[in-house]
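Architecture at a glance
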Amino acid sequence: MKKTDMISEITFQVGDPPAVEALVRLRESVGWGGWSGDYATVFERYSTTVSAYSADEELIGWTALVSDGVRHAFFVDVIVDPLHQGRGIGRELVTRAIDVEQARGISLFHADFAKENAPFYAACGFTLCGGAYLDTACSVTR
Ligand SMILES: CC(C)(COP(=O)(O)OP(=O)(O)OC[C@H]1O[C@@H](n2cnc3c(N)ncnc32)[C@H](O)[C@@H]1OP(=O)(O)O)[C@@H](O)C(=O)NCCC(=O)NCCS
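The text that follows walks through the structure, step by step, so that each part is easy to find. Residue positions are given per chain, counting from 1 as you read along its sequence in written order. Totals for whole chains, interfaces and linings use all residues, but because this is a predicted model, local features are given only for residues with pLDDT of at least 70 and pairs of side-chain atoms are given and counted only at 80 or more.

**Describing the overall build of the protein chain**
- Under the DSSP-based scheme used, a helix requires at least four consecutive residues in state H or I and a strand at least two consecutive residues in state E, with every element numbered from the N terminus. Helices and strands together make up the secondary structure of the protein chain, namely 5 helices and 5 strands.
- Shown N-terminal to C-terminal, the secondary structure of the protein chain runs as helices and strands in the order α-β-α-α-β-β-β-α-β-α.
- Principal-axis analysis of the C-alpha atoms places the extent of the protein chain at approximately 40 × 30 × 30 Å.
- We call two residues in contact if the C-beta atoms placed from their backbones are at most 7 Å apart. Look at the contacts in the protein chain between residues 6 or more apart in sequence, and 59% of them connect residues 24 or more apart.

Below is the structure:
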């Protein structure tokens, strides 16, 4: 079966961020901290968001981008519920988000990630190079 067939029952929604509680649950499913208190604020500041919902309307995937509005856009999160990983949903989230930004003229896309996820970004077409991030709020986990 092709991956596109495997995700045909998934609904991808551009914009209209999900319920904060659903996103917190999704983050926790991959071992990330909740960030429940500040999502409502950052939702307004993301340039593009894409949410993936299962047939029973559960949030199972999410990504967000911030952009300079001219050339660069940065992926903030790419998350797929572990029960649904390996079905092409992550790549679909990334591809759809890039499509939206490209239509606005953005051409340079950036992502930081743990080393084990490098093959995912390579599969999504990214050129792998050095990168780093600094978290000055150490109590907050990705
Ligand atoms: C990384 C993540 C988003 C991938 O989502 P996914 O839906 O499982 O990925 P896809 O099924 O769309 O995979 C697309 C391609 O990447 C490859 N891939 C995905 N994760 C991979 C991994 N950890 N190692 C090697 N290859 C991987 C797949 O094999 C596939 O390649 P193919 O089409 O050539 O077979 C998901 O594993 C996840 O949510 N991880 C936890 C959160 C995280 O670390 N996010 C990334 C950093 S922000």
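After presenting the structure, the write-up continues.
**Quick notes on the pairing of strand E3 (residues 59-67)**
- Labels follow a simple rule on C-beta atoms placed from the backbone: if 20 or more others lie within 10 Å of a residue's own, it is buried; if 12 or fewer, it is exposed; otherwise it is partly exposed. Most of E3 sits out of view: 7 of its 9 residues are buried.
- Direction of pairing for strand E2 (residues 48-53) relative to E3: antiparallel, over a ladder of 6 bridges. Residue Ala52 lies in a different strand from E3, and its bridge partner there is Gly61.
- Connecting E3 to the antiparallel partner strand E4 (residues 72-80) that follows it, the hairpin turn spans 4 residues, and Gly69 within it adopts a positive phi of roughly 80°. A pair of strands is considered paired only if DSSP assigns at least 2 bridges between the two.

**Quick notes on the sheet that holds E2**
- Spatial strand order, E1-E2-E3-E4-E5: 5 strands in an open sheet with mixed pairing. The outermost strands of the open sheet, each flanked by one partner alone, are strand E1 (11-14) and strand E5 (108-110). Averaged over all pairs of adjacent strands, the angle between their axes in this sheet comes to 20°, without regard to strand direction.
- Pairing of E4 with E5 involves 3 bridges; the strand directions are parallel. What sits directly across from Phe74, in E5, is His110. What counts as an axis is a line fitted to C-alpha atoms, over the stretch in contact for a helix, and the angles between N-to-C directions run from 0 to 180 degrees.

**Digging into the site of the ligand**
- Around the ligand there are 19 residues in total, and Gln85, Gly90, Arg91, Pro119 and Ala123 lie nearest to it.
- Elements that contribute at least two residues to the shell around the ligand include exactly E4, helix H4 (89-103) and helix H5 (118-123).
- When residues in the shell around the ligand are grouped by element, the largest group, 4 residues, is from E4.
- In the scheme used here, Gly and all other residues not listed as nonpolar or charged are polar, with Ala, Val, Leu, Ile, Met, Phe, Trp, Tyr, Cys and Pro taken as nonpolar and Asp, Glu, Lys and Arg as charged. Here the shell around the ligand is built from residues that sort into 10 nonpolar, 5 polar and 4 charged. As a rule, any residue with its backbone-derived C-beta atom within 6 Å of a molecule or strand is reported as near that molecule or strand.

**Section: unusual backbone geometry**
- One non-glycine residue, Asp16, lies in positive phi territory at about 45°.
- With respect to the secondary-structure elements, Asp16 resides in the loop between E1 and helix H2 (20-29).
- Within the chain, Glu57 stands out as a residue other than glycine whose phi angle is a positive 65°.

**Considering H2**
- Regarding H2, the residues found buried are Leu23, Leu26 and Arg27. For H2, the angular spread of buried residues about the axis comes to 100°, placing them on one side. Within H2, the exposed residues directed more than 90 degrees away from the buried face are Glu21 and Glu28.
- Buried residues belonging to H2 abut helix H3 (39-43), E3 and E4.
- Remark: Gly31 follows H2 within two positions and exhibits a positive phi of approximately 85°. The reported arc concerns the directions from the helix axis to the C-beta atoms and nothing else.

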